[in-house]
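Below, each chain spelled out in residue letters.
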Amino acid sequence: MSPVLSLSQVRVGYGARDVLRAVDLQVLRGEAWAVLGPNGAGKSTLARVVMGLLPARSGKVEVAGLSLPGAAPAQVARQVAWVPQGMSDDAGFTALELVLMGRAPHLGAWGLPGEKDVERARACLDELGVGALADRPLSEVSGGERRRVWVARALVQAPSLLVLDEPTAFLDVRHQVEVLKAVRRRVDDGLGVVAVLHDANLAAHFATHALLLRDGDVLARGPVQEVLTAERLTALYGIEMHPASAEERVHVPRWS
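Procedures and definitions
- Residues numbered from 1 in each chain as written.
- Predicted model: local features only at pLDDT ≥ 70, side-chain atom pairs only at ≥ 80, totals over all residues.
- Heavy atoms only, no water.
- Pairing = 2+ DSSP bridges.
- Helix = DSSP H or I, 4+ residues; strand = E, 2+ residues; numbered from the N terminus.
- Axes fitted to C-alpha atoms, helices over the stretch in contact; angles between N-to-C directions.
- Salt bridge = Lys/Arg side-chain N within 4 Å of Asp/Glu carboxyl O.
- Buried < 20%, exposed > 50% of the residue type's maximum accessible area, 1.4 Å probe, protein only.

Enquirer: I would appreciate a short explanation of the sheet that holds strand 4 (residues 58-63) in the present structure.
Expert: Whenever strands of a sheet pair, they do so through backbone hydrogen bonds, lying parallel or antiparallel. Here four strands make up an open sheet; going across it, the order is 2-1-4-5 and the pairing antiparallel. The open sheet is flanked by strand 2 (17-27) and strand 5 (66-68), the only strands paired with a single partner. Direction aside, the axes of adjacent strands within the sheet are offset by 30 degrees on average. Pairing of strand 1 (residues 5-14) with strand 4, which is carried by five bridges, proceeds in the antiparallel orientation.

Below is the structure:
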């Protein structure tokens, strides 16, 4: 099976400083990769590279067989969707209007959303629990509601690869779980996902695989049950972690 994302010896930086060094990663259809690491580890930089928004200094980046940078933006948009960490330039749109933008790559240069596109958009809003906000300007909704609208926009795009940069930001516990469950349903249907997360316990239940970044280097990568261990999380975050119980994949900081 061809990967929907392939990174080979990718090095990225700003100015004279390298932020990521020698990153290798392959994501197949039906895999959800959680990217974990402390602040400044290079997680959001990795997401920007995958989206083609930031060129690698060296190495090779391919998304659904398209080389980045270099592939036509329209081609990339049909294959990749993302939810950015910062949501901007959306205040003048209603929730439905924003979600319908996710259908744009499939409509052609002069295409307008049809009835089926509107049905899909409303269904995604309903699935994320924000259907009642369809006609409300995004300037009038909460940060958590706005985040769920952006996730709906990405899902309705029907990509091969979904890139999520802190998708659970601003969300309460219930909606963190519901948003990740909605994404995971697509993973089970063959979607590939790369999700930057801060909560190792959410990652353990949502993801199939994990990539651990520390100071720009890959600390570990592989299936979650092998990577998200107390020993590796202790090394990753620099604070001793221990399992909360033998039955649950939950790790908590040791306070004393």
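After that view, the rundown keeps rolling.
Enquirer: Sorry if this is basic, but what is going on with unusual backbone geometry here?
Expert: Apart from glycine, the bulk of residues carry a negative phi angle, and the bulk of peptide bonds sit in the trans form. Cis rather than trans, the peptide bond between Leu68 and Pro69 has omega equal to -10 degrees. Examined against the element boundaries, Pro69 turns out to sit in the loop between strand 5 and helix 2 (73-79). Positive phi, close to 55 degrees, is recorded for Glu166, a residue that is not glycine. Along the chain, Glu166 turns up in the loop between strand 7 (161-165) and helix 6 (173-188).

Enquirer: How do you make sense of the environment of Gly190 when you look at a structure like this?
Expert: Its place among the elements puts Gly190 in the loop between helix 6 and strand 8 (192-196). Between the C-alpha atoms of Gly190 and Arg29, which are 161 residues apart in sequence, the distance is 4.9 Å.

Enquirer: What is the right way to read the pattern of salt bridges from this model?
Expert: One side chain can pair with another of opposite charge once the charged atoms of both are near each other. Evaluation of the coordinates by the stated rule reveals nine salt bridges. A salt bridge links Asp18 to Arg57, with the shortest nitrogen-to-oxygen separation between them at 2.7 Å. Here Asp18 is found in strand 2, whereas its partner Arg57 is found in the loop between helix 1 (43-50) and strand 4, with 39 residues between them in sequence. Asp18 gets classed as partly exposed once you look at its relative accessible area, which sits at 24%. With a relative accessible area of 33%, Arg57 lands in the partly exposed category. Close ionic contact of Lys60 with Glu62 constitutes a salt bridge, the shortest N to O distance being 3.3 Å.

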